[in-house]
Amino acid sequence: MPLRPIWEKIASEFSLSKDENQSKEAPESKKNSEERAEELFALWRDYRRLLMVKPKEAAQLEKLRLALADRWRDPKVQAIFKAGLDRSLQEQAELAPTKWDYRQLEEKRDEAMSRRDGIYRQIFSRRREEPDELTQMDLAETVSATQSYGNQMVELEKSDSRLAATLSFERLKKYHNQLQKGFVWTPSREKYFAQILEHLVILDQNRPLLLYGETGTGKTRLARALSSRLTGREIFEVGEEAKTDIRPLLGSKSLDKEKSLFVVYGALGQALAGKKTSRDESAGSGGLFYMDEMNGYPPDALRSLIKQISGRRPGEEISFASWAGAKEKVAPEFGFIGSANLPSEKHPDREKLPVEVARELSSLEIDYPPQSANEPESYEMMLAALMDKNGRLRLSAEELSPAWKKIFNVDKTIKSYEVDGASEAGGALWRFANLAAEIQKSYKGQANVLTPTEKEASYLHDAVLDPGLVLSWLAEYRKSALRSGFDLQSFLADKLANWGSQKIYPEEDRNMLKKFQKKFQLEKPTDIPNRRLTILTPAEIGALSPRVPRTSENLVKIPSPRQHKALLPDATEISYKPESVAG
């Protein structure tokens, strides 16, 4: 019954009465009813959005109305559409009390977090001053409150699998929206943010910070997202041309029409001084400066630069040879962040940072997003990449989810579930996420799924699956290949084969990539089944993540207490359970 207004609203938008609606013949279509029901949902959302746009786009609205009416007239599509909405609303109704408790905690946590971040920004922009006692007390209080509410939220989520599934869906939607902006704040990236924040704000050593890690771990994207979140502005970056001459980073001399000399500051100079030229009368806040692949710059020039800026405090006067005698004060929000892929036992041929430079740097290692049953960050980002803007996944759970196996306690009285860790277990997406993680381990020189049989030959030298590349493949599948009828495994198999066969990789790497693909059974299937879409509710989408706990079952039925009968003094017969008369 609660869904009838929604049905009537859709029908009324198409100017169809209920009788008229049911009497129309279902149009012929090559797509199955489940696919058309998903299209109906997406078209309806687009239609409602377009109605809010001013001025109205009449032609587009009419196209949407006709497409909606075409699907709504199909009784099978209607039935599937209604059933999906019914299940979704039922999930929400059952969850309402627990979700309300969670939202109350979330609101308090977000309020404390907002206050905390505001205090961090305030301290960062006023680093020349020691924070007063009240500011430090407020910071300690908001940090403690944020952690306390967060811990309570975690415990509540663990206690209710239905709540966990709903929250997991919301997390995936948030990741999808963040992907459109180029960076996803997963738990591991939030942890890095906290560590960088501690360096820039709390420790306030004014030492440059080096982010080091393997190719594709996301160092550059993290630095950009950090600047946006901390200062509200884009980061100052250096181009490749500076690797031949580092001086323009600081600034270059220029002459005006009257032949007067002034300095045009480069990216680093602007971040340091908060000015574009030496003639600017007032200085801004400056900002964070990012230097990618620091170990690729001329060692002498890099050594000189780092020594001059390391330890400089906001408000301190500074000058460089390229500034032609101009002196500026270090801007309040200046910070220097660099990155490098450093030499390792696996990659000894990489350039080293000069010892004198390394001595001046604080450092933080950045790793690939974790991928395991307990920390499925990579898999969750992949799910988000496959989501459409309405939060829908137009694939079956069998293509996406991990496989679960039953486990029993010692006396076999309790049955529970855990993710099957076999390489070939689970849907194509889960296996693909694990394959990418094992390739990354191999590239880093770590033990991986091939190590037991391949030994030292299980390490890739040049080939690594960049998470950004992987997510772009999945976005391509959602936008194009999925609508053309390709099944997910065939699409991924083709992508892996084409990527792994590139001649830029040594033959050993190309052969090993084939072994990885075979190990995870991600080769193109010879007998491709017809794709069968199953409508997934939000909670069912959220439950695809192994973070959502599976409910254990007690296999031993606890007998009900036996009832006894007795006669009261007035001859009335009563029944009772023994414990009800205890005491």
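All values reported here derive from a predicted model rather than from experimental measurement. Per chain, residue numbering runs from 1 following the sequence as it is written. In view of the model being predicted, local features appear only for residues whose pLDDT reaches at least 70, and side-chain atom pairs are presented and counted only at 80 or more, with totals across whole chains, interfaces and linings using the full set of residues. The side-chain values count all of the structure's non-hydrogen atoms but skip hydrogen atoms and water molecules.

**Q** Quick question: what am I supposed to make of the overall build of the protein chain here?
**A** Secondary structure assignment for the protein chain yields 20 helices and 14 strands. The buried share of the protein chain, reckoned over its 583 residues, is 45%. In this description, contact between two residues means that some pair of their heavy atoms is separated by no more than 4.5 Å. Partitioning the contacts of the protein chain with sequence separation of at least 6, the portion at a separation of at least 24 is 71%. For accessible areas, the Shrake-Rupley method is used with a probe of radius 1.4 Å. Any residue's cover is judged against the shown protein chains and nothing else. With the model as given, the accessible surface of the protein chain reaches about 31,100 Å², and the carbon-plus-sulfur share is 50%. Note on conventions: DSSP H or I runs of at least 4 residues are helices, E runs of at least 2 residues are strands, and numbering of each starts at the N terminus. Partly exposed residues are those whose accessible area sits between 20% and 50% of the maximum for their type, while under 20% is buried and over 50% is exposed, using a 1.4 Å probe and protein chains only.

**Q** Would you explain the sheet that holds strand E2 (residues 236–237) in this entry?
**A** Strands pair in a sheet through their backbones, by hydrogen bonds, and they do so in one of two ways: parallel or antiparallel. Strands are treated as partners if at least two bridges between them are detected by DSSP. As summarised here, the arrangement of the five strands in space is E2-E5-E8-E1-E9, forming an open sheet in which the pairing is parallel. Looking along the sheet, the strands with just one partner apiece sit at the ends: E2 and strand E9 (362–365). Interaxial angle, 0 to 180 degrees, is taken between N-to-C directions of lines fitted to C-alpha atoms, where a helix line uses only the stretch in contact. Set on the sheet, helix H9 (residues 219–231) makes contact with strand E1 (209–212), E2, strand E5 (288–291) and strand E8 (335–340); between it and E5 the angle comes to about 175°.

**Q** Would you mind showing me how to read helix H8 (residues 187–203) here?
**A** An α-helical turn contains 3.6 residues, so a residue and the one three or four places further along point in the same direction. In a regular helix each residue adds 1.5 Å, so 17 residues correspond to 24 Å; H8 covers 23 Å between its end C-alpha atoms and thus fits that length. Where H8 is concerned, the buried positions are Ser188, Arg189, Tyr192, Phe193, Ile196, Leu197, His199, Leu200 and Val201. Close packing links the buried residues of H8 with helix H5 (75–125), E1, H9, E5, E9 and helix H13 (377–386). Here a helix's expected span is defined as the number of its residues, less one, multiplied by 1.5 Å.

**Q** So what exactly am I meant to see when it comes to empty space enclosed by the protein here?
**A** Vacant regions in the atomic arrangement are exposed by a probe of water-molecule size rolled over the atoms. A cavity here means a set of 1 Å grid points, computed over protein atoms only, where a 1.4 Å probe fits but cannot escape. A pocket is an open set with protein on both sides within 12 Å along at least 5 of 7 lines, and lining residues have an atom within 4 Å of a point. Grid points are joined across faces, edges and corners, and a volume is the space filled by probe spheres set on the points. Throughout the structure, instances matching the rule amount to three cavities of 30 Å³ or more. Put simply, the second largest cavity is a space of about 80 Å³. Tyr368, Pro369, Ser378, Met381, Met382, Ala436, Gln440, Pro467, Val470 and Leu471 together form the lining of the second largest cavity. Going through the elements one at a time, H13, helix H15 (428–444) and helix H17 (467–481) are the ones with two or more residues in the lining of the second largest cavity. For the lining of the second largest cavity, the class distribution of residues is eight nonpolar, two polar and no charged. Each residue gets one of three labels, nonpolar for Ala, Val, Leu, Ile, Met, Phe, Trp, Tyr, Cys and Pro, charged for Asp, Glu, Lys and Arg, and polar for the others, Gly among them.

**Q** Sorry, what's going on with the packing of H13 against H15 here?
**A** Helix-helix packing: each pair is described by the crossing angle between the helix axes and the interaxial distance. Their axes nearest at 9 Å, the elements H13 and H15 cross at an angle of 130°. One finds that H13 runs oblique with respect to H15. Seen from above, H13 lies across H15 with right-handed handedness. Between H13 and H15, the contacting residues are Tyr379, Met382, Leu383 and Leu386 on the first element and Leu429, Trp430, Phe432, Ala433 and Ala436 on the second. Its residues assigned to classes, the contact of H13 with H15 shows nine nonpolar, no polar and no charged. Orientation labels follow simple angle bins: below 35 degrees gives roughly parallel, above 145 gives roughly antiparallel, 65 to 115 gives roughly perpendicular, and whatever is left gives oblique. What makes a crossing left-handed is the near helix being turned counterclockwise from the far one by less than a right angle; a clockwise turn instead makes it right-handed.

**Q** Would you take a moment to explain the pattern of salt bridges for this structure?
**A** As a working rule, side chains carrying opposite charge can pair if their charged atoms are close by. Here, a salt bridge means any Lys or Arg side-chain nitrogen found within 4 Å of an Asp or Glu carboxyl oxygen. All told, the structure shown has 35 salt bridges when counted by the stated rule. Two residues, Lys389 and Asp46, come together in a salt bridge whose shortest N-O distance is 3.1 Å. Residue Lys389 is located in the loop between H13 and helix H14 (397–400), and its partner Asp46 is located in helix H3 (residues 33–51); the two are separated by 343 residues in the primary sequence. Classification of Lys389 by relative accessible area gives exposed; the value is 53%. Looking at Asp46, the relative accessible area reads 23%, which means it is partly exposed. Across the pair Glu540 and Arg87 runs a salt bridge whose closest N-O atoms are separated by 2.5 Å. Here Arg87 lies in helix H5 and Glu540 lies in helix H20 (residues 538–542), a separation of 453 residues in the sequence. Among the residues examined, Glu540 registers a relative accessible area of 30% and is labelled partly exposed.

**Q** Explanation requested: the pairing of strand E3 (residues 251–255) in the structure shown.
**A** In regular strands, side chains alternate between the two faces of the sheet. Summarising the sheet, E3 and strand E4 (residues 261–265) pair through five bridges and their orientation is antiparallel. Within the sheet, the bridge partner assigned to Ser252 lies in E4 and is Val264. Connecting E3 to the antiparallel partner E4 that follows it, the hairpin turn spans five residues, and Lys259 within it adopts a positive phi of roughly 65°.

**Q** Sorry if this is basic, but what is going on with helix H7 (residues 161–181) here?
**A** End to end, H7 covers 31 Å across 21 residues, agreeing with the expected 30 Å (1.5 Å per residue, within 8%). Among the residues making up H7, those that are buried are Leu163, Ala164, Ala165, Thr166, Leu167, Ser168, Phe169, Arg171, Leu172, Tyr175, His176 and Gln178. Where H7 is buried, its residues meet H5, helix H6 (133–159), H8, H13, H17 and H20. Within 3.5 Å is the distance limit for a polar contact, defined as a pair of N or O atoms, with the added protein rule that one can donate a hydrogen and the other accept it, and that residues adjacent in sequence qualify only through two side-chain atoms. Two to three positions downstream of the cap, the backbone nitrogen of Arg162 sits 2.9 Å from a side-chain oxygen, assigning the N-cap of H7 to Asp160. Immediately downstream of H7, the backbone of Gly182 shows phi near 100°, a positive value.

**Q** What's the story with the layout of surface pockets in this structure? I'm lost.
**A** Approximately 1,700 Å³ is the volume found for the largest pocket. Around the largest pocket, the lining comprises 44 residues; the ones closest to its centre are Arg109, Met113, Val154, Pro187 and Glu190. In terms of residues, the lining of the largest pocket owes the most to one element, H5, which gives 10 residues. Its residues assigned to classes, the lining of the largest pocket shows 20 nonpolar, seven polar and 17 charged.

**Q** What exactly am I supposed to notice about the confidence of the model for the protein chain here?
**A** Note that predicted coordinates carrying low pLDDT should not be read in detail. The predictor reports its confidence for every residue as pLDDT, a score running from 0 up to 100. Looking at the protein chain as a whole, the pLDDT averages 85, with 87% of positions reaching at least 70. Within the protein chain, no element has a lower average pLDDT than helix H2 (residues 18–23), which sits at 47, and none a higher one than H13, at 97.

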